[in-house]
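As a plain string of letters, each chain reads:
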Amino acid sequence: MCLDLALLAAHITDMSSSSTLTPFTYPRVGIGVMILREGKVLLGRRKGSHGAGDYSFPGGHFELNESFEASALREIVEECGEGLKIKNLRFICCANFRKEYTPKHYVQVGFAADWVAGEAINTEPEKLENWGWYDLNKLPTPLFAPARVMVELFQKGEVYQDQ
């Protein structure tokens, strides 16, 4: 890939001169965790404006000064409660969502983990209808785009997608 560094520098300068940053003027980083249990994955049905009605993995926004692992673990506890125990947290993919939810732009960092014990409880009923375990080969629809891409890349053994 050949980059025009002068054009890139001009673009960065242009972006930095903007005095107002909103979720629509820069990409956000999302974290998702596909928790596996005997051939099934944990999914919840989203509420709210971003992906409402879609099924998604536990996850959320990457926060300032967090490690990826800390972010993934925090999101699991925040959304599923402290009783859900996992092991073998591992990176599975990174995907760029420039078009799926325009004008929002997200970069998704996806992880997988193995279930150990406990059940997910809905700790954020204002954001989620419920949690359930679904067969990895018979997933409910519609799937939240980042979750759909995480599954596709996981099943193909690929780690990157740029949409």
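Everything numeric here is computed off the predicted structure, so don't read it as measured data. (Residues numbered from 1 in each chain as written. Predicted model: local features only at pLDDT ≥ 70, side-chain atom pairs only at ≥ 80, totals over all residues. Heavy atoms only, no water.)

### What about the overall build of the chain?
Okay, so step 1: If you tally the helices and strands in the chain, you get 3 helices and 8 strands.
Okay, so step 2: The order of α-helices and β-strands along the chain, N terminus first, is α-β-β-β-β-α-β-β-β-α-β.
Okay, so step 3: Residue burial in the chain is summarised as follows: out of 163 residues, 39% are buried.
Okay, so step 4: Looking at the chain alone, contacts between residues at least 24 apart form 70% of all its contacts between residues at least 6 apart.
Okay, so step 5: Of the roughly 9400 Å² of accessible surface on the chain, 56% is carried by carbon and sulfur atoms. (Helix = DSSP H or I, 4+ residues; strand = E, 2+ residues; numbered from the N terminus. Buried < 20%, exposed > 50% of the residue type's maximum accessible area, 1.4 Å probe, protein only. Contact = heavy atoms within 4.5 Å. Areas by Shrake-Rupley, 256 points an atom, 1.4 Å probe, with all protein chains shown as cover.)

### Quick look at the packing of aromatic side chains
When we look at a pair of aromatic rings, we describe it by the centre distance and by the angle of the planes.
Okay, so step 1: Under the counting rule described, the total for this entry stands at 4 aromatic pairs.
Okay, so step 2: Look at Tyr 55 and Tyr 134: their rings are 5.7 Å apart centre to centre, the planes differ by 70°, and that puts the pair in the edge-to-face class. Highlighted residues: Tyr 55 in strand β3 (residues 55-56) and Tyr 134 in strand β7 (residues 128-135), separated in sequence by 79 residues.
Okay, so step 3: When the ring of Phe 91 is compared with that of Phe 111, the centres are 6.4 Å apart and the planes differ by 85°; the resulting orientation is edge-to-face. (Phe/Tyr/Trp six-rings, centres within 6.5 Å; stacked < 30°, edge-to-face > 60°.)

### Brief notes about the environment of Arg 90
Okay, so step 1: Within the secondary structure layout, Arg 90 lies in strand β5 (residues 85-97).
Okay, so step 2: Take Arg 90: its relative accessible area is 25%, and that puts it in the partly exposed class.
Okay, so step 3: Taking the C-alpha atoms as reference points, Arg 90 and Ala 112, 22 residues apart in sequence, are found 5.4 Å from one another.
Okay, so step 4: Only 3.4 Å separates the side chain of Arg 90 from the side chain of Asp 114, close enough to count as a polar contact. (Polar contact = N/O pair within 3.5 Å; in protein donor to acceptor, adjacent residues only side chain to side chain.)

### Some words on the layout of surface pockets
Okay, so step 1: Of the voids in this model, the largest pocket is the one considered here, and its volume is about 670 Å³.
Okay, so step 2: Around the largest pocket, the lining comprises 34 residues; the ones closest to its centre are Arg 46, Gly 59, Gly 60, His 61 and Glu 79.
Okay, so step 3: Of all the secondary-structure elements, those providing two or more residues to the lining of the largest pocket are β1 (28-37), β2 (40-46), β4 (59-61), α2 (68-80), β6 (106-117), β7 and α3 (145-156).
Okay, so step 4: Residues that form the lining of the largest pocket fall into these classes: 11 nonpolar, 12 polar and 11 charged. (1 Å grid on protein atoms, 1.4 Å probe; cavity = no way out; pocket = protein on both sides within 12 Å on 5 of 7 lines; lining within 4 Å. Points joined across faces, edges and corners; volume = space filled by probe spheres on them. Nonpolar A, V, L, I, M, F, W, Y, C, P; charged D, E, K, R; others polar.)

### Structural notes on the pattern of salt bridges
Pairing is possible between side chains that carry opposite charge, provided their charged atoms lie close to one another.
Okay, so step 1: One pass over the full model with this rule turns up 11 salt bridges.
Okay, so step 2: The partner of Glu 152 in a salt bridge is Arg 148, and the shortest N-O contact between them spans 3.6 Å. Remark: Arg 148 and Glu 152 occur in helix α3; sequence separation between them is 4 residues, near one turn of the helix.
Okay, so step 3: Owing to a relative accessible area of 27%, Arg 148 belongs among the partly exposed residues under this scheme.
Okay, so step 4: The partner of Lys 156 in a salt bridge is Glu 158, and the shortest N-O contact between them spans 3.8 Å.
Okay, so step 5: Each of Glu 63, Glu 66, Arg 74, Glu 75 and Glu 78 takes part in a single network of salt bridges with overlapping partners. (Salt bridge = Lys/Arg side-chain N within 4 Å of Asp/Glu carboxyl O.)

### Describing the confidence of the model for the chain
Okay, so step 1: In this model, the chain carries an average pLDDT of 88, and 86% of its residues clear a pLDDT of 70 or more.
Okay, so step 2: The model gives residues 1-19 a pLDDT under 50, and that stretch makes 0 contacts with residues more than four places away or in other chains. (pLDDT = per-residue confidence, 0-100.)

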